Amino acid sequence: MAQRGGALLRGGHGTARTTFLELFLDLAFVFAFTRVSVRFIDEVEHGLTVLGFLETLILFLALWHVWTLINWVTSRYEPNALTIQLVVVGTMFGSLVMAVAVPRGFEERALPFVVAYLVTVIARPLIIAAVLGRHPRRTVPWRLAAWATLSGAFWLAGALGPAGLRFGLWALAISIDLTGYLLGWPVPGLGRAPVSAWRIAGEHIAERYQQIFLIALGETILVIGIKYSGEGFGQLAAAAFTVAFLTTALLWRIYFHRAGHLLVEALRLARSPGRLGASASTTHLVMVLGVLLTGVGYELVIVKPFDRVEPAWLVFIVGGPALFLLGRARFEYEIFARVSRARVLMMLALLGSAPLLLLGTPMLALSVVAAGLAVVAVVDGLRARDQPMEPSASPLDRPEPGDANFPT
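Residues numbered from 1 in each chain as written. Predicted model: local features only at pLDDT ≥ 70, side-chain atom pairs only at ≥ 80, totals over all residues. Heavy atoms only, no water.

Engineer: I keep staring at the overall build of the protein chain and nothing clicks. Help me out?
Structural biologist: When helices and strands are counted, the protein chain shows 14 helices and 0 strands. Listed by position from the N terminus, the elements making up the protein chain come as α-α-α-α-α-α-α-α-α-α-α-α-α-α. Taking 408 residues into account, the globule formula puts the C-alpha radius of gyration at 22 Å, and the protein chain, at 22 Å, falls close to it. Along the three orthogonal principal directions, the C-alpha set of the protein chain runs to about 65 × 60 × 35 Å. Within the protein chain, the proportion of its 408 residues that are buried is 56%. Across the protein chain, the fraction of contacts at a sequence separation of at least 24, relative to all contacts at a separation of at least 6, is 83%. Summed over all atoms, the accessible surface of the protein chain reaches about 16700 Å², with 67% contributed by carbon and sulfur. (Helix = DSSP H or I, 4+ residues; strand = E, 2+ residues; numbered from the N terminus. Rg over C-alpha atoms; globule rule 2.2 N^0.38 Å. Buried < 20%, exposed > 50% of the residue type's maximum accessible area, 1.4 Å probe, protein only. Contact = heavy atoms within 4.5 Å. Areas by Shrake-Rupley, 256 points an atom, 1.4 Å probe, with all protein chains shown as cover.)

Structure below.
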């Protein structure tokens, strides 16, 4: 039984590259990200509030948690094994149901969202634990299932209870889920299993992070194209369409400059790929959220490029790119152990310009953002000119004390 379970784990003979099934899974998240944007836009149209923003953020974090865990699974276990393929397909279906529910996820579609989420995060580890049998690593999925069940009580209470309690219960539930991930899902008698100590295919997890970032960029392209095609190709909308596209191109350029290109190599060669991969997960969460908020800003600008800018709009037009730059500065540290001053200074400059941008138009605000990102890209290019690609020098490329003690 233990030998059969061991066959489920990745070995040295399998490919470390992303499988076509995983790319198929990503199609559900392309759709999911569009639904998150739709909910943000709906919140803006009805008067954006802090509560409304945080509700949408919780729904996004639940989707992100599902995506993160399934990619750690396919980096840890053999993705071509039938059991893992079934788990991936089941995760895709659950994610699709969650995505459909997102626009009204805190309203009448709360229960379908929660049921799909809980089936995904609880059934997956239980199935893997059953197949692992008596293998020593079987306790890891049991820990994950235990924490998912704990948070599930609050997810269900929020979905079935009074609507006024839903935000508080779901905020607690997602906090439990994310805390479990960060702490390694500690369970009395079983210990903990931090992902930083997992034996994974580093090259695989790196590719998955790059791909989810490209999916987020792709969602902004969908926003630009769909919104502009519905605006009658007017000259004013055309200007906003052009600047929005250039902004997306700059986001791509800034992400992949040096550090983005080296992520795969850094994780492939890392002595402790789990530790670097766990840190990169949080970093990519920040960058992807920043890109999604930026895409919402595109839609606002294309619809009303030269109207008076609303304060809530700057949360997306300026706040989205600023959040991306924050994550990208952290990403630079993870790969090269240095602080990206250009990105930090530009983030502060964009945030500092927000009060002045309130006096202008949405088009002006987006143009300032594009100009700021262009400055970062130019500085990157000048610094790298005629310089060879430097190797990764990640400060996270070393095992944590005690990592060897975890049979993970």
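Engineer: Could you clarify how one ought to interpret the packing of helix 3 (residues 50-76) against helix 4 (residues 82-101) in this entry?
Structural biologist: Each pair of packed helices can be summarised by the angle the axes make with each other and by the distance between the axes. As a packed pair, helix 3 and helix 4 sit with axes 11 Å apart at the nearest point and diverge in direction by 170 degrees. Taken together, helix 3 and helix 4 sit at an angle that is classed as roughly antiparallel. Residues A62, L63, V66, I70, V73 and T74 of helix 3 form the contact with helix 4, whose own contacting residues are I84, V87, V88, T91, S95 and M98. Classifying every residue of the contact of helix 3 with helix 4 by side-chain character gives 9 nonpolar, 3 polar and no charged. (Axes fitted to C-alpha atoms, helices over the stretch in contact; angles between N-to-C directions. Parallel < 35°, antiparallel > 145°, perpendicular 65-115°, else oblique. Nonpolar A, V, L, I, M, F, W, Y, C, P; charged D, E, K, R; others polar.)

Engineer: When you look at helix 6 (residues 139-160) in this model, what are you seeing that I'm missing?
Structural biologist: Every α-helical turn comprises 3.6 residues, leaving residues that sit three or four positions apart pointing alike. For helix 6, spanning 22 residues, the distance from its first C-alpha to its last is 31 Å, which sits close to the expected 32 Å at 1.5 Å a residue. The largest bend in helix 6 is about 25 degrees, located at S151. (Expected span 1.5 Å × (residues − 1). Bend = angle between axes of the 7 residues up to and from the residue.)

Engineer: Explain the environment of L8 here, please?
Structural biologist: Inspection of the secondary structure puts L8 in the loop between helix 1 (2-6) and helix 2 (20-45). L8 sits 368 residues away from V376 along the chain, and the two C-alpha atoms are 45 Å apart. If we ignore the near neighbours within four places in the chain, the residues touching L8 are Y77, E78, A81, T83, I84, I128, V131 and L132.

Engineer: Just to check I follow, could you spell out the pattern of salt bridges for this structure?
Structural biologist: If charged atoms from side chains of opposite charge come close, those side chains can pair. In the structure shown here, the tally under the stated rule is 11 salt bridges. Of the charged contacts, one joins R39 and E107 as a salt bridge, the two residues approaching to 3.2 Å between their closest N and O atoms. Placement of R39 in helix 2 and of E107 in the loop between helix 4 and helix 5 (110-132) is noted, with a sequence separation of 68 residues between them. A relative accessible area of 26% means that E107 is categorised as partly exposed. Its salt-bridge partner being D380, residue R343 comes within 2.6 Å of it at the nearest N-O pair. With R343 in helix 13 (residues 341-357) and D380 in helix 14 (residues 362-384), this pair connects stretches of sequence that are 37 residues apart. Of the two residues, R343 and D380, neither departs from the other in class, the shared state being buried. Each member of the salt-bridge network shares a partner with another, and the members are R39, E43, E55 and E107. (Salt bridge = Lys/Arg side-chain N within 4 Å of Asp/Glu carboxyl O.)

Engineer: Mind showing me how you'd approach the nonpolar core here?
Structural biologist: For soluble globular proteins, the rule of thumb is that nonpolar side chains tend to be buried together. Counting residues in each nonpolar core, the largest one holds 130 residues, and the members touching the most others are F60 and W155. Non-local contacts of W155, meaning those with residues more than four positions away in its chain, are made with I58, A62, F113, V114, Y117, L118, W170, A173, I174 and D177. (Core = buried A, V, L, I, M, F, W, Y, C linked by side-chain atoms within 4.5 Å.)

Engineer: I'm lost on the environment of L326 in this one. Help?
Structural biologist: The residue L326 is located in helix 12 (residues 319-336) in this model. Each C-alpha atom, one on L326 and one on L345, is 9.8 Å from the other, the two residues being 19 residues apart in sequence.

Engineer: Teacher, can you tell me more about unusual backbone geometry here?
Structural biologist: Phi at W185 is positive, roughly 50 degrees, even though this residue is not glycine. Mapped onto the fold, W185 is located in the loop between helix 7 (163-183) and helix 8 (202-229). Even without being a glycine, A337 presents a positive backbone phi close to 60 degrees. Examined against the element boundaries, A337 turns out to sit in the loop between helix 12 and helix 13.

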